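Below are the chains, spelled out letter by letter.
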Amino acid sequence: MDQLPLSKKSQTFIENLRIYLFSCGKKTNEIDEITNELEVHLYEAEKENKSVDHIIGSSPKEYMEQISGEMAFDVRGWAKYVPIIILGAFSGIVLKDIVFGGFQYSLVELIGYPLVCIILILAYMGTLRHIASHTFSKSKEFFFFGLASFLSMALFLGVMFLPNYIESPIIILGYYGNLIVASMAISFLIGVSIWSKTIVSIVLPVIYIVPEYLMGFTDLSAENQLWISSLIMYALIGAFLFFEIKRTSTSAK
């Protein structure tokens, strides 16, 4: 369906509704149906000089919650996406560690990283819902995603340092083991990129690796290099995911 000539306020609301429903785990085709129908209603209302509020009421948040409550959660879709997201994130982390030293993980880390990924998926989705259902300035939107990025950094660093306090078996791979794992990780990330038709799985590993690599050329201490590169990395991840999720959720308009 061609996009109807709507006011800026109506276009913004439909875009935010798409983001809200997407972050609630609803099916893409159902989101399309709901927003296309709403677009027609808004267009008809605007032809009669009625505002967006005439259709959605005085509280966009309540309207979005009502619509979301009437739609089923896409269990099958997210059962497929979540493992891919976790494996993709872990592949990027593994590549980074192989570049800077090799595959060496404790059992605590192997359990902790997937758990952190799940927590962060929920955190970013919650952040998207909060932003989509309120009217914030761009600076406030970046502030909320900055908080999510800080949470990312804190959790991943926590998992990195947790083996210092909890003893668990450690898995170490040799040269050929690292080569095989790196090849598998790269193949998986490229495969995900082709399957999803996005560059997310390619860009994120680059973001993981490049800041720390560039920090290696500075005269800063190893500790400062780690903290600064981590801050840059998670800030870039937050910004990239924000724009990518927003682009993906609105591309079907």
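Because the structure is a prediction, the values reported are computed rather than measured.

Novice: Explain the packing of aromatic side chains to me, using residue names and the numbers behind them.
Specialist: Under the counting rule described, the total for this entry stands at 10 aromatic pairs. When the ring of Phe103 is compared with that of Tyr105, the centres are 4.7 Å apart and the planes differ by 75°; the resulting orientation is edge-to-face. Ring-pair connections join several aromatic residues into one group, and the members of that group are Phe90, Phe103, Tyr105, Tyr113 and Phe156.

Novice: So what about the side chain of Ser106? Which residues, and what values?
Specialist: Mapped onto the elements, Ser106 comes out in strand β1 (residues 104-106). For Ser106, the contacting residues outside a window of four places in its chain are Pro163, Ser168, Pro169 and Ile170.

Novice: I'd like a rundown of the packing of helix α1 (residues 8-23) against helix α6 (residues 107-132), residues and numbers included.
Specialist: Relative to each other, α1 and α6 sit at 155°, their axes nearing to 8 Å. Classified by the interaxial angle, the pair formed by α1 and α6 is roughly antiparallel. Classified by chirality, the crossing of α6 by α1 is left-handed. Residues Asn16, Ile19, Tyr20, Phe22 and Ser23 of α1 touch α6, and the partners they reach there are Met125, Leu128, Arg129 and Ala132. Of the residues contributing to the contact of α1 with α6, the split by class is six nonpolar, two polar and one charged.

Conventions and cut-offs
Residues numbered from 1 in each chain as written. Predicted model: local features only at pLDDT ≥ 70, side-chain atom pairs only at ≥ 80, totals over all residues. Heavy atoms only, no water. Phe/Tyr/Trp six-rings, centres within 6.5 Å; stacked < 30°, edge-to-face > 60°. Helix = DSSP H or I, 4+ residues; strand = E, 2+ residues; numbered from the N terminus. Contact = heavy atoms within 4.5 Å. Axes fitted to C-alpha atoms, helices over the stretch in contact; angles between N-to-C directions. Parallel < 35°, antiparallel > 145°, perpendicular 65-115°, else oblique. Left-handed = near helix turned anticlockwise from the far one by under 90°. Nonpolar A, V, L, I, M, F, W, Y, C, P; charged D, E, K, R; others polar.

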